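# Residue-level structure breakdown
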Amino acid sequence: MAESIQEINLNNDSPTRDNILITSVDQLVNWTRRSSVWPMTFGLACCAIEMMATGASHYDIDRFGSGPFRATPRQADLMIVAGTVSHKMAPRVKRLYDQMPEPKYVMAMGACTVCGGPYIKHGYHVLKGVDRLIPVDVYVPGCPPRPEALLEGLFRIQDKMKRERVLDRERKGLRPKLLVE
Amino acid sequence: MTPEKIHDALNAAHPGAVLAFDPNPKLPSIKVAPSAWKAAAKTLRDACGLDYLVCLTSVDRGAELEAIYTLETMGETRAPIHVRVLVPRENPVIPTVEDVWRTADWHEREAWDLMGIVFEGHHNLVRILCAEDWEGHPLRKDYKSPDTYHGIKNNVT
Ligand code: SF4
């Protein structure tokens, strides 16, 4: 961002001295968007404990502009699916995803949401990867992933936000796909 | 009451109800006939002082399904006594004891949900853990996971 902002000094005596910045709309919008990623308060199993640790003072996700865990999907940008998604829970997860306003991002946190994790063989009740249900932007493996890994996942989402175009409402090429077999 | 005394009291009150008795001090157990279980449960609670149902679990024994009731007396530190009730797999019906020990209500629903034991007389015997439209009883040894559930594939590749 810093390099792409140009400061204009028209006239040293002008009242607008040091007060005009020029940038592109894309860069400005993307900068604001990635500086305030609001995740949804939403934990399904053990991984959510690590997510809470990430939100607390020691790891402090607020440093990266992603502090306010919202209690409603309608105010959230980011869905961190933190934990085992059971078949019984799947329709609820889908519904919450559908209730989030665009643009929305999904992070699959932990082995369970990536592929079924420890339940892959005998977990009759576990969805084998949340990407069978909703499109996933970033996968964070681990059982559970450490808070640093979750933060890294957040940075990858922010990287993704950096590349977006305001006029490309469909997010062509950046929107993740549902797993189709 | 000691397990021996409980066994004797049960035998005296319901002749023929007790099928087997294991006085193992760490894990005393009594095997009770399913038909006599309801009356025996009331005797255990009222006459033998076993007023706390700690747990109700179930085991798939192949030809038979087994329900195991862990019973204790509140405030006593003796090893709990286990009551085993075995029913044939084709017709796994056990009378409910939810009106004897309130704990049994949800535990019986769980044993029905996962093992498929029917607790006759239960006021609301519906699934408690699996989704309402789930098919089969997952903890039975011959259970096969569904290939798809609500259009979502369950396979692993
Ligand atoms: S990935 Fe591991 S820690 Fe995370 S929800 Fe699954 S079992 Fe729990």
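Below is a summary of the structure that appears in this document. As the structure is a computational prediction, the values presented were derived from the model and not from experiment. (Residues numbered from 1 in each chain as written. Chains lettered and ligands numbered in written order. Predicted model: local features only at pLDDT ≥ 70, side-chain atom pairs only at ≥ 80, totals over all residues. Heavy atoms only, no water.)

## Quick word on the overall build of chain A
Check the secondary structure of chain A and you find five helices and five strands. The helix and strand sequence of chain A, counted from the amino end, reads β-β-α-α-β-α-β-α-β-α. Taking all 181 residues of chain A together, the buried fraction comes to 43%. Pairs at least 24 apart in sequence give 72% of the contacts found in chain A among residues at least 6 apart. (Helix = DSSP H or I, 4+ residues; strand = E, 2+ residues; numbered from the N terminus. Buried < 20%, exposed > 50% of the residue type's maximum accessible area, 1.4 Å probe, protein only. Contact = heavy atoms within 4.5 Å.)

## Quick look at the packing of aromatic side chains
Applying the stated criterion across every chain, the model contains six aromatic pairs over all chains. Look at Phe64 of chain A and Phe155 of chain A: their rings are 4.8 Å apart centre to centre, the planes differ by 75°, and that puts the pair in the edge-to-face class. Placement of the pair is Phe64 of chain A in the loop between α2 (47-55) and β3 (78-82) and Phe155 of chain A in helix α5 (residues 147-162), with a sequence separation of 91 residues. Residue classification places Phe64 of chain A among the partly exposed positions, given a relative accessible area of 27%. Through successive ring pairs, a cluster of aromatic residues spans Tyr124 of chain A together with Trp134, Tyr143 and Tyr149 of chain B. Seen from the ring of Tyr97 of chain A, Lys104 of chain A lies directly overhead, with NZ or CZ sitting 4.3 Å from the centre. (Phe/Tyr/Trp six-rings, centres within 6.5 Å; stacked < 30°, edge-to-face > 60°. Lys NZ or Arg CZ within 6 Å of the ring centre and 35° of its normal.)

## As for the sheet that holds strand β4 (residues 105-109) of chain A
Paired through their backbone hydrogen bonds, the strands of a sheet run either parallel or antiparallel. Residue and element names in this part refer to chain A. Spatially, three strands are ordered β3-β4-β5 in an open sheet, and the strand pairing comes out parallel. In this open sheet, the two edge strands, each paired with only one partner strand, are β3 and β5 (138-140). Strand-to-strand twist in this sheet, taken as the mean axis angle between neighbours without regard to direction, amounts to 20°. Sheet analysis places β4 next to β5, joined by three bridges and oriented parallel. The residue bridging Met109 from the neighbouring strand is Val140, located in β5. Packing of α5 onto the sheet brings it into contact with β3, β4 and β5, and relative to β4 it is tilted by some 155°. (Pairing = 2+ DSSP bridges. Axes fitted to C-alpha atoms, helices over the stretch in contact; angles between N-to-C directions.)

## A closer look at the interface of chain B and chain A
Between chain B and chain A, the contact holds 17 residues from the first and 11 residues from the second. When the buried surface of chain B facing chain A is broken down by residue, Ile152, Asn154 and Val156 of chain B rank first, second and third, together holding 37% of it. Linking chain B to chain A there are zero salt bridges. Its residues assigned to classes, the side of chain B that touches chain A shows 11 nonpolar, four polar and two charged. (Buried area = accessible area lost by both parts, 1.4 Å probe. Salt bridge = Lys/Arg side-chain N within 4 Å of Asp/Glu carboxyl O. Nonpolar A, V, L, I, M, F, W, Y, C, P; charged D, E, K, R; others polar.)

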